[in-house]
Amino acid sequence: MNTMIVNREKITVPPAWEKRTLLDFLREYLHLTGNKNGCGIGVCGACTVLVDEVPRRSCITKVETVLGKQVLTIEGMEQNDGSLHPLQQAFLDAGAVQCGFCTPGMVLTSHALLLRNPNPTEEEVKQALKGNLCRCTGYVQIFDAVMKGAEFYRKKEGKTDE
Amino acid sequence: MPKKTRHLSGKLHVTGRSLFIGEEHISADMCHVAVVFSTCAHGRIISMDAVSAKALSGVHAIITAADIPGENNIAHGNNDNQPLLPADTVMYVGQPIALVVADSRQVALEAASRVTVNYEEMPAILSIDAAVKANQLYVPPRKIQRGDVARAFAEADCIIEGEVKIGAQEHFYLETQRCLATPDEDGGITLYAATQSTTEVQAVAARVLGLANHKITVDVKRLGGAFGGKESQGTLWAGLAALAAHYTHKSCYLELRRIDDIMATGKRHPFENTYRLACSADGRILGYEVILKSNGGAYIDLSLAILERGLYHSDHAYFIPNISITGYACKTNLPPNTAFRGFGAPQGIFPIEIALQQAAEKLGIDPIEIRKRNCYITGQTAPYGMEVCDPVGREMLEELEALASYKQLRNKVDEYNASHQYHKQGIGVVPGKFGISFTTGFLNQGSALVWIYTDGTISLSHGGVEMGQSVNAKVASVVARTLGVSMDRIRVESANTKRVGNASPTAASTGSDINGYAAENAAKKLKRRLSRMAVRYFSERGIACVEEDLVFADDAVVSGDARVSFADLVNFAYTHYCDLGSHGYYFTPGITFNREKGRGTPFYYFVFGAALAVSQVDLLTGEYECKKIYIVHDSSQSLNPDIDLGQIYGAFVQGYGYCTMEDISFNDKGQYLALTPSTYKFPTICDIPPTFKIKLLDLLREHASVLGSKAVGEPPFIYGLAGWFALYDALKRSVPQGSAIDLAFPATPEAVLMAKVQSAKKETV
């Protein structure tokens, strides 16, 4: 089946799009413009989306390689009731947002990290985010946001264990 | 005091709902524009073959200089002549020479790649040296002089001489250059342009299309970063999109690919400077002579203003009784170099800082101490004759010493160095003194438009462009404070030439100063009108009061025990024929400069600060790591300390990248060699040290701007230079005392290794 799940919704992919990039598909076909094209060669990280919870550079990912998989874009990060995900809130509270162009990729890359490791060290946060470039903030507040946001994932993990 | 809003679009950004240029106002039949770029640094176009490009299905038009209906000149505010598309001679690699308009981006790019151009190559001048030899200068050398420099050198105990070559810097705004042009019903065009200057885009698009300015509307909601790179350089791409829309009568969208953006746009100016410093035995500066030469690129762009700011900052934070500053702006065949945060100041500041550092070594004085001894004190004037107001450089350095526990830190670093042979640590310190105002005097004006609607909500338009610096939050906070209302009543509109005409570029750190004052003036007019209405409102209810006793606070107007909510008062005012719209205007008083004499008042005030960096160098590989950063910054009474902190972090890291890792060389064909983020290295999160402390000093200064605040955009960029001095200091600790270290700028790991190797060679000789 030529389908994929995007933000929990099943999407049928028209054949003409299969050879195109996932970023173009998301932006031009699904009109999900949250994720950005910053460099077009998979280096800056502005186009990052999660495919089965793993960060992927959508600008160099062919649609055909994600068929049957789950894609999460920044538009899918909000809670079901429309409120901000605690990680998004942490980005706001830490002042981790300036021009906003790198923000969606930053949030998603951090989300992927914290899903698999809710208790990251400083070094682990840096290693996870080193491929997401930001020219405005100087990263300090982004780092703070991820550390603050991690609390939510730890609590969530705690609950699952109970 | 309500919690201060940091970013009006923060929620939109973290949810991905914020819309950037090209993400709204698009239509189904929108065309895409691709650019045919010059591959030749200097040459005549002999022929252009677009047959196979035109043959591609989906191509609507190929547009060249011959299709420009108006004047083929995009130069703004100066006497240069820069074509939108050159008719016959190309001046740099990356210069647009034709446009392809097609149904899709893919087809447009494919068609553009099929256009072949033949050139008759002409000699290209690329370096500053070559330009000076060929007398390719934009203007005769500029000079600022004071006192008797020759005598100062004759009387000096210590003379330092040297030469510094400072590299370029790529802006790397995450959002590349772009513009969406949509035709209006009357032949006009609306431009959604990535620009810091709506006015310049409007005027230039009108000129090249042969239209009146009022036929062009420029609208900018937000930019994905700019840093000066969209002050003048957004104009070319907006002009091209406008031309395509005018020619095809369709919406046309032009978005540069990253590789094309880096290839074709100007950078921070490379400078080559020579300096001589004369000091007394106790480290006081007696005289200083500096020659600044900038590589301006193929068109003048902002090169003169940038050179001037370099000249005005050559003294940096220090009083220099006898001084001679000379500046050259060179014309070369590179993309026109342009504005970039700091705007010539970093290149003017670096020579005096390295000279002082070397004087400190030679005289055996601590590098902070020598800087403190020379900082401006009250009553002293800058070389161009202006009194340096609120001179707190020395206090900043003292605060920095306390913040960083400097003496202990120095001891720790010395201990580390004593016990490590192949790794050395170094400490770098720079103060900051940055002049605020456009040095082009007439740009120091702003305006704003405020409407209060009948439900008590407010629409605010101002001349500033939001590019992440939160100018919208700052200007809105001025209106909120003036009218005593909460921030969520205020909606800040896009920057639009229809609501705010003749806006100055959002640049020179002045965005919140000039537009904040303008918005305050607009809000004050409304407050006066509402005060009259409030007196009437209360008197109709049997409460006597006078306008002077009214307090506007907490979304209400209060007189003693009487209170009316802001919304009720506004509705009352409307039904009693009160004008609820207001335009505010402001200009910065007293900014004048005589270029011939090199004298005047180019700044309204100065921003001071100081920074210290600790870095560790691996002497065997040249690799290094920044370990600690401390910054003290004088913000006077900040409109929003949280926003200022973000600006300081960001500016420091950008400045740190500039003097350490960011290297954008070009080859002998005038082509830039690093066109992607995989080859152009700028700081990542891994370059941020575990200790990064900033102290904001929020004492109200006598000389400041709106509501006692100070500008913040550019000044902290200078602090980044501390990173270079930390590496320099580390290298100095690896060689015998008195040995020279010749460290390049930027101090890439390769440059650090070369500096070490060169000094080792000298030792063995």
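Residues numbered from 1 in each chain as written. Chains lettered and ligands numbered in written order. Predicted model: local features only at pLDDT ≥ 70, side-chain atom pairs only at ≥ 80, totals over all residues. Heavy atoms only, no water.

### Thoughts on the overall build of chain B
- Helices and strands together make up the secondary structure of chain B, namely 19 helices and 29 strands.
- Taken along the three principal axes of its C-alpha coordinates, chain B extends 90 × 75 × 50 Å.
- Carbon and sulfur atoms provide 50% of the accessible area of chain B, an area that totals close to 27100 Å².
- Distance from the positive charge centre (73 side chains) to the negative charge centre (80 side chains) of chain B: 2 Å. (Helix = DSSP H or I, 4+ residues; strand = E, 2+ residues; numbered from the N terminus. Areas by Shrake-Rupley, 256 points an atom, 1.4 Å probe, with all protein chains shown as cover. Lys, Arg positive; Asp, Glu negative; His and termini not counted. Charge placed at Lys NZ, Arg CZ, Asp CG, Glu CD.)

### Regarding the sheet that holds strand E12 (residues 252-255) of chain B
Residue and element names in this part refer to chain B.
- Pairing in this open sheet of eight strands is mixed, and the strands run E3-E5-E1-E12-E9-E10-E11-E20 from one edge to the other. Either end of the sheet is taken by a strand with one partner, and the two such strands are strand E3 (59-63) and strand E20 (495-496).
- As defined by bridge partners, E3 adjoins strand E5 (residues 96-102) across four bridges and the pair is classed as antiparallel. Looking at the pairing, isoleucine 63 lines up with leucine 99 of E5.
- Strands in contact with helix H6 (residues 198-209) are strand E10 (189-193), strand E11 (216-220) and E20; relative to E11, the strand with the most contacts, it is inclined by about 150 degrees.
- Along the sheet, helix H7 (residues 234-248) contacts strand E1 (31-37), E3, E5, strand E9 (178-183), E10 and E12; its crossing angle with E5, the most-contacted strand, is approximately 45 degrees. (Pairing = 2+ DSSP bridges. Contact = heavy atoms within 4.5 Å. Axes fitted to C-alpha atoms, helices over the stretch in contact; angles between N-to-C directions.)

### Examining the nonpolar core
- Core analysis: the biggest nonpolar cluster contains 160 residues, and Phe91(A), Leu277(B), Leu612(B), Phe692(B), Trp724(B) and Leu743(B) have the highest contact counts within it.
- With ten residues, the top contributor of residues to this core is strand E27 (residues 605-618) of chain B.
- Residues within four places of Leu277(B) in sequence aside, it is in contact with Phe153(B), Cys158(B), Ile159(B), Ile160(B), Ile285(B), Gly287(B), Tyr288(B), Ile352(B), Ala355(B), Leu356(B) and Ala359(B).
- Ranked by size, the runner-up nonpolar core spans 58 residues in total, among them Met91(B), Leu209(B), Tyr253(B) and Met467(B). (Core = buried A, V, L, I, M, F, W, Y, C linked by side-chain atoms within 4.5 Å. Buried < 20%, exposed > 50% of the residue type's maximum accessible area, 1.4 Å probe, protein only.)

### Quick look at the domain arrangement of chain B
All names here are of chain B.
- In terms of domains, chain B is made up of domain 1 (10-123 + 171-264), domain 2 (125-169 + 267-383), domain 3 (392-437 + 599-765) and domain 4 (445-587).
- Between the C-alpha centres of domain 1 and domain 4 the distance comes to 38 Å.
- Facing the 18 residues of domain 1 at the interface are 16 residues of domain 4.
- There are zero salt bridges connecting domain 1 and domain 4. (Domains from an automatic or database assignment. Salt bridge = Lys/Arg side-chain N within 4 Å of Asp/Glu carboxyl O.)

### Regarding the domain arrangement of chain A
All names here are of chain A.
- What the domain assignment reports for chain A is domain 1 (2-77) and domain 2 (86-157).
- Placing a centre on the C-alpha atoms of domain 1 and another on those of domain 2 gives a separation of 21 Å.
- Across the domain 1/domain 2 interface, buried area totals approximately 1300 Å², and carbon plus sulfur atoms make up 69% of it.
- Applying the counting criterion to the domain 1 and domain 2 interface returns zero salt bridges.
- Where domain 1 meets domain 2, there are three residue pairs in polar contact (both at pLDDT 80 or more).
- For the side of domain 1 that touches domain 2, the secondary-structure elements that each account for two or more residues are strand E3 (48-51) and strand E4 (54-57).
- Counting residues per element, the side of domain 1 that touches domain 2 draws most heavily on E3, which supplies three residues.
- Of the residues in the side of domain 1 that touches domain 2, the class split is nine nonpolar, seven polar and three charged. (Buried area = accessible area lost by both parts, 1.4 Å probe. Polar contact = N/O pair within 3.5 Å; in protein donor to acceptor, adjacent residues only side chain to side chain. Nonpolar A, V, L, I, M, F, W, Y, C, P; charged D, E, K, R; others polar.)

### Some thoughts on the sheet that holds strand E7 (residues 142-146) of chain B
Residues and elements named next belong to chain B.
- Ordered by their spatial adjacency, five strands build an open sheet running E7-E15-E14-E13-E8, and the pairing between neighbours is mixed. For this open sheet the edge positions go to E7 and strand E8 (158-166), each flanked by a neighbour on one side alone. Taking the axes of each pair of neighbouring strands and ignoring which way they run, one obtains an average angle of 5 degrees across the sheet.
- Here helix H9 (residues 303-312) sits on the sheet and contacts E7, strand E13 (271-279), strand E14 (285-295) and strand E15 (322-330); the angle it forms with E15, its principal contact strand, is near 160 degrees.

### Structural notes on the interface of chain B and chain A
- Taken residue by residue, the interface counts 52 residues in chain B and 46 residues in chain A.
- Approximately 3800 Å² of surface area, both sides summed, lies buried where chain B meets chain A, with 62% of it carried by carbon and sulfur atoms.
- Considering only the surface of chain B that becomes buried against chain A, Val14(B), Leu174(B) and Ile685(B) emerge as the three largest contributors, covering 21% of it.
- Counting across the chain B and chain A interface gives four salt bridges.
- For Lys36(A), the salt bridge identified is with Glu23(B), shortest N-O distance 2.9 Å.
- If you look at where chain B meets chain A, you find 17 residue pairs in polar contact (both at pLDDT 80 or more).
- Those elements that provide at least two residues to the side of chain B that touches chain A are helix H1 (10-15) and helix H17 (641-659) of chain B.
- Per-element accounting of the side of chain B that touches chain A gives the leading share, eight residues, to H17(B).
- For the side of chain B that touches chain A, a count of residues per class yields 22 nonpolar, 20 polar and ten charged.

### Some remarks on the pattern of salt bridges
Residue and element names in this part refer to chain B.
- Scanning all chains against the criterion turns up 44 salt bridges over all chains.
- Arginine 276 is paired through a salt bridge with glutamate 161; the nearest N and O atoms lie 3.0 Å apart. Here arginine 276, found in strand E13, pairs with glutamate 161, found in strand E8; they are 115 residues apart in sequence, far enough to count as distant.
- Using a relative accessible area of 28% as the deciding quantity, one classes arginine 276 as partly exposed.
- The closest approach of N and O atoms between lysine 524 and glutamate 520, which form a salt bridge, is 3.9 Å. Of this pair, lysine 524 and glutamate 520 both sit in helix H15 (residues 511-540), four residues apart, roughly one helical turn.
- With a relative accessible area of 36%, lysine 524 lands in the partly exposed category.
- Connected via shared salt-bridge partners are Glu369, Lys372, Arg373 and Glu401.

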